[in-house]
Amino acid sequence: MKRNIIYLLLALLLAVSPAFLNAYWVDVLNNVGMYALLALSLNLILGHAGLFHMGHAAFYAVGAYTTAILNTSFDIPVLWTMPLAGLIAGLFALMVARPIIHLRGDYLLIVTIGFVEIVRIALINNVFGITGGANGIFGIDRPYLFGFKIRKPHEFFYLIWGFMAVTVFLFHRLENSRFGRALNFLREDDVAAEGSGINTTYYKLIAFVIGAVWAGMVGTIYAAKMTIIAPESFNFWESVVMFMIVILGGAGSIRGVILGAFLVIGLPEIFRGMGTISDLINSLFSSFGVTLSLDFSNFSKARMLIFGAAMVIMMIFRNAGLLPPLPRKYPLKKIREEMRIREEVRIREEMKIGEEMP
Amino acid sequence: MSLLKLEKLVKDFGGLRAVDEVSFAVEAGDIFGLIGPNGAGKTTVFNLITGNYVPNKGKVIFDGQVLNGLAPNKIVTLGVARTFQTIRLFKALSALENVLAGCHCRMKSGSIAAMLKTPFQKREEKEAIQLALAELDFVGLGDDADTRSDSLSYGNQRLLEIARALATQPKLLILDEPAGGMNEQETDALIEIIARIKARGITVLLIEHDMSLVMQACEKLVVIEYGRKIAEGLPEEIKVNKKVIEAYLGTDDEEEGEACF
Ligand SMILES: Nc1ncnc2c1ncn2[C@@H]1O[C@H](COP(=O)(O)OP(=O)(O)O)[C@@H](O)[C@H]1O
Ligand SMILES: [Mg+2]
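Note that the structure is predicted; figures quoted are calculated from it, not measured. (Residues numbered from 1 in each chain as written. Chains lettered and ligands numbered in written order. Predicted model: local features only at pLDDT ≥ 70, side-chain atom pairs only at ≥ 80, totals over all residues. Heavy atoms only, no water.)

Considerations on the sheet that holds strand 5 (residues 65–66) of chain B
All names here are of chain B. Applicable threshold: A pair of strands is treated as paired once DSSP finds two or more bridges between them. Comment: elements are numbered from the N terminus, with helices defined as DSSP H or I runs of at least four residues and strands as E runs of at least two. The contact rule is simple, with two residues in contact once any of their heavy atoms fall within 4.5 Å. To define axes, lines are fitted to C-alpha atoms, for helices over the stretch in contact only, and angles between the resulting N-to-C directions are given on a 0 to 180 degree scale.
The four strands lie next to each other as 2-1-4-5, forming an open sheet whose pairing is antiparallel. One side of each edge strand has no neighbouring strand; the edge strands of this open sheet are strand 2 (16–26) and strand 5. Taken together, the seven bridges between strand 1 (residues 4–13) and strand 2 define a ladder with antiparallel strand orientation. Across the sheet, Phe-13 pairs through a bridge with Leu-16, a residue of strand 2. Seen against the sheet, helix 1 (residues 42–49) touches strand 1, strand 2 and strand 4 (57–62) and runs at an angle of roughly 115° to strand 1.

So, in structure tokens, the structure goes:
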């Protein structure tokens, strides 16, 4: 309960934050949101089903390109293409995941890295003559929502974080269901899951498909946000970042993944912003005649080093991530009470029947 | 018609014939024991029944249907549930959730129903939890519903596996060394639970090393050695069977052999 109030306050703070931030920082929040969405979709596959999937950028690319092509060649409004972008990314995932779904751990990891490279190279080589080659596709329309044109970072903020709210709502339900449990069972022990009657192949595939559908829809937002997309936006590194967010934040935990996105995407920006702080300190000291040449903004250049080290430390001391998933809650008391009442009724009826019989 | 029938099952691992033309039939309602020395091929026979291995030759017929080649989850759905010789629980999850894994195959709601939280999905979820609690009660773990399964005692983990298997609503329950690692009281409780499983109309097929359990619980036995069936019959018959005694103790003193049972 207390936790829910904290989440609500944080959400409110986030919702009003654009009013106090300039376009640059709102755009940082937008990027955090985009990666959080992608990482949440990856979380179904990597976090819940425990499948080491390092190729999520491929599904993201398929979605973004679907939107770009449908919008620029067929003039379909951007947001209308969203379901289709999801659908096509999902179908693509079904196609490429089917043959490799039985692979385990590191083998799966290697093959899924291949997804990204194949998609990227196919896009560069202008497959079917519709992807625009290395230059990509430009001139994608801005999205309209209820007749309102979304253009500025402040406006995209509400599109992205609004989609986030929907996603969190739906994924939370998904986690706490027969479906979410099935993914966890096969992650914990897929022989035991299969032996308990769970079709593990099916659930692995569906995890891939739903994850891809979501990444594809995020691709739509990306295409609309950038208005120009190119193969280089969907390289292997993007997959690594998503992977890192999930593992660092907490595999299988929505709140963990969102925190992970803030840290991995937001922190380097804060380091960059620290340049002004170090300038301030420098000028302060120079007014006392001391020459300093601090530059905190260099931290942002070292961010890969910092994250690399952070990952290593995490894996040693806190390998479930910063905010690991909480155990699911079941209303056991209530259900027990209902079972007890039903049992009592049954016994009473039996006694009645017993009395009526001579 | 027998509930389960094995017809000349063969399983090779490379050059090793782990199961060699094993045939037997389990009648509905039986508590049936499969015994034999270590490495005889008992677990392999179970894995052939449950679809974890595909036989090289022979047939597994359950309830009139040939199981060869079906996926393990399909076989569970048809009514064959199992436990594992080395405990295979979902360690990080609660006892309740482990049993809910068993409920899974009798439920229908998918991902979309979960996202929409349809009335059917909600009702089904509640019924599954009730069923899972009832199975936990059945094996005596009702108070441990919220406990992480890997913090249960060894004996209770075995019972939890049985509850998970029962939650699939099987016709045939296959137990691989259910008393492994249990102390005497726990074994006695297990024998009583097996009797209550039978009373529910579920047929039980079990592998066991604990001979007192086998002799107390089983109504019929098959003995295998080196992958081959060497004897079949009532416990009293098996107890005095020369071949069986030899298999367990070498060709030594007969008296000593009996003492072992
Ligand atoms: N997956 C496997 N691969 C190779 N050999 C196996 C495998 N499973 C079992 N075996 C071998 O088959 C024989 C029978 O094993 P098992 O069925 O486990 O015996 P039991 O359960 O009767 O102790 C043993 O020699 C064992 O080493
Ligand atoms: Mg064995």
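After presenting the structure, the write-up continues.
As for the domain arrangement of chain B
Residues and elements named next belong to chain B. Note the following rule: Each domain's limits were defined by an automated method or a database of domain assignments. The term buried area denotes the loss of accessible surface (1.4 Å probe radius) that occurs when two parts are joined, taken as the sum for both partners. A pair is scored as a salt bridge if a Lys or Arg side-chain nitrogen falls within 4 Å of a carboxyl oxygen belonging to Asp or Glu. Pairs of N or O atoms within 3.5 Å make up the polar contacts considered here, provided that, within protein, one atom can donate a hydrogen while the other can accept it, and that residues adjacent in sequence are counted only when both atoms are side-chain atoms. Residues were grouped as follows: Ala, Val, Leu, Ile, Met, Phe, Trp, Tyr, Cys and Pro as nonpolar; Asp, Glu, Lys and Arg as charged; and all remaining residues, including Gly, as polar.
The domain boundaries assigned to chain B delineate domain 1 (1–79 + 171–261) and domain 2 (91–169). The centre of domain 1, based on its C-alpha atoms, is set 27 Å off from the matching centre of domain 2. At the junction of the two partners, domain 1 supplies 19 residues and domain 2 supplies 15 residues. For the pair domain 1 and domain 2, the summed buried area comes to about 1,300 Å², and 64% of that belongs to carbon and sulfur atoms. Among the residues domain 1 hides against domain 2, the three largest losses belong to Thr-77, Ile-193 and Arg-200. Together they make up 31% of the total. For the pair domain 1 and domain 2, the number of links is one salt bridge. For the salt bridge of Arg-200 with Glu-135, the shortest nitrogen-to-oxygen distance reads 2.9 Å. At the junction of domain 1 and domain 2, the tally comes to five residue pairs in polar contact (both at pLDDT 80 or more). Going through the elements one at a time, helix 2 (72–78), strand 7 (172–176) and helix 7 (184–199) are the ones with two or more residues in the side of domain 1 that touches domain 2. At five residues, helix 7 tops the list of elements feeding residues into the side of domain 1 that touches domain 2. A per-class count over the side of domain 1 that touches domain 2 returns nine nonpolar, four polar and six charged.

So, the nonpolar core
Basically, it comes down to this: To define a nonpolar core, start from buried Ala, Val, Leu, Ile, Met, Phe, Trp, Tyr and Cys residues and group those joined through side-chain atoms within 4.5 Å. The rule is simple: take the accessible area with a 1.4 Å probe, protein chains only, and divide by the maximum for that residue type; under 20% is buried, over 50% is exposed, in between is partly exposed.
Formed by 107 residues in total, the largest nonpolar core has its most connected members in Phe-59, Ile-229 and Ile-245 of chain A. Not counting residues up to four positions away in its chain, the partners in contact with Phe-59 of chain A are His-53, Ala-89, Phe-92, Ala-93, Val-96, Phe-115, Phe-208, Ala-212, Ala-215 and Gly-216 of chain A. Residues Ile-35, Ile-194, Ala-217 and Cys-218 of chain B belong to the second largest nonpolar core, which totals 56 residues.

Things to note about the interface of chain B and chain A
Each side of the interface is counted separately: chain B has 41 residues, and chain A has 32 residues. Carbon and sulfur atoms supply 60% of the area that chain B and chain A bury against each other, a total of about 3,400 Å² over both sides. On the chain B side of the interface with chain A, the three residues burying the most area are Phe-90, His-104 and Met-115 of chain B, jointly 21% of the side's total. Summed over the shared surface of chain B and chain A, the number is five salt bridges.

Quick look at the coordination of the magnesium ion (ligand 2)
Residue and element names in this part refer to chain B. Quick reminder of the rule: Nitrogen, oxygen and sulfur within 2.8 Å of a metal are treated as its donors, or within 3.2 Å for sodium, potassium and calcium (Na, K, Ca); water is not counted, so a site can appear incomplete.
Taken together, Thr-43 (OG1) and Gln-85 (OE1) make up the full set of protein donors to the magnesium ion (ligand 2), lying 2.0 to 2.1 Å away. You can see Thr-43 sitting in helix 1 and its partner Gln-85 sitting in the loop between strand 6 (80–82) and helix 3 (95–103), a full 42 residues away along the chain. The class of Gln-85 is partly exposed, set by a relative accessible area of 30%.

A word on the site of ligand 1
All names here are of chain B. Stated precisely, the cut-off is as follows: Any residue with at least one heavy atom within 4 Å of a molecule or strand is counted as near it. Shrake-Rupley sampling with a 1.4 Å probe provides the accessible areas, and residues are treated as covered by the protein chains on show and by no other component.
Taken together, Phe-13, Leu-16, Ala-18, Pro-37, Asn-38, Gly-39, Ala-40, Gly-41, Lys-42, Thr-43, Thr-44 and Tyr-53 make up the full set of residues near ligand 1. Here Gly-39 contributes a backbone N or O atom positioned 2.8 Å from an oxygen atom of ligand 1. Within the side chain of Thr-43, an N or O atom sits 2.6 Å from an oxygen atom of ligand 1. In the complex, the protein chains occlude 63% of the 560 Å² of accessible area that ligand 1 would expose alone. Elements with a contribution of two residues or more to the shell around ligand 1: strand 2 and helix 1. Of all the elements, helix 1 adds the most residues to the shell around ligand 1, at three residues.

Considering the pattern of salt bridges
All names here are of chain B. Per the counting criterion, the structure on display carries 29 salt bridges over all chains. For the salt bridge of Arg-17 with Asp-20, the shortest nitrogen-to-oxygen distance reads 3.8 Å. With relative accessibility at 35%, the residue Arg-17 sits in the partly exposed group. The partner of Glu-232 in a salt bridge is Lys-220, and the shortest N-O contact between them spans 3.3 Å. With a gap of 12 residues between them, Glu-232 in strand 10 (residues 228–233) and Lys-220 in strand 9 (residues 220–225) connect regions that are remote in the sequence. Residue Glu-232 is classed as partly exposed on the basis of its relative accessible area, which comes to 31%.

Remarks on the packing of aromatic side chains
Residue and element names in this part refer to chain A. Which entries qualify depends on this criterion: To pair, rings of Phe, Tyr and Trp, with the six-membered ring standing in for Trp, must have centres within 6.5 Å; the planes then decide the type, stacked if under 30 degrees apart, edge-to-face if over 60, and tilted in the middle.
Enumeration according to the criterion identifies 19 aromatic pairs over all chains in this entry. The interplanar angle of 75° and the centroid separation of 5.6 Å between the aromatic rings of Tyr-222 and Phe-234 together place this pair among those described as edge-to-face. Taken together, the residues Tyr-222 in helix 9 (residues 200–226) and Phe-234 in the loop between strand 4 (228–229) and helix 10 (236–249) connect sequence positions 12 residues apart. Comparing Tyr-222 with Phe-234 shows no difference in burial state: the two are buried.

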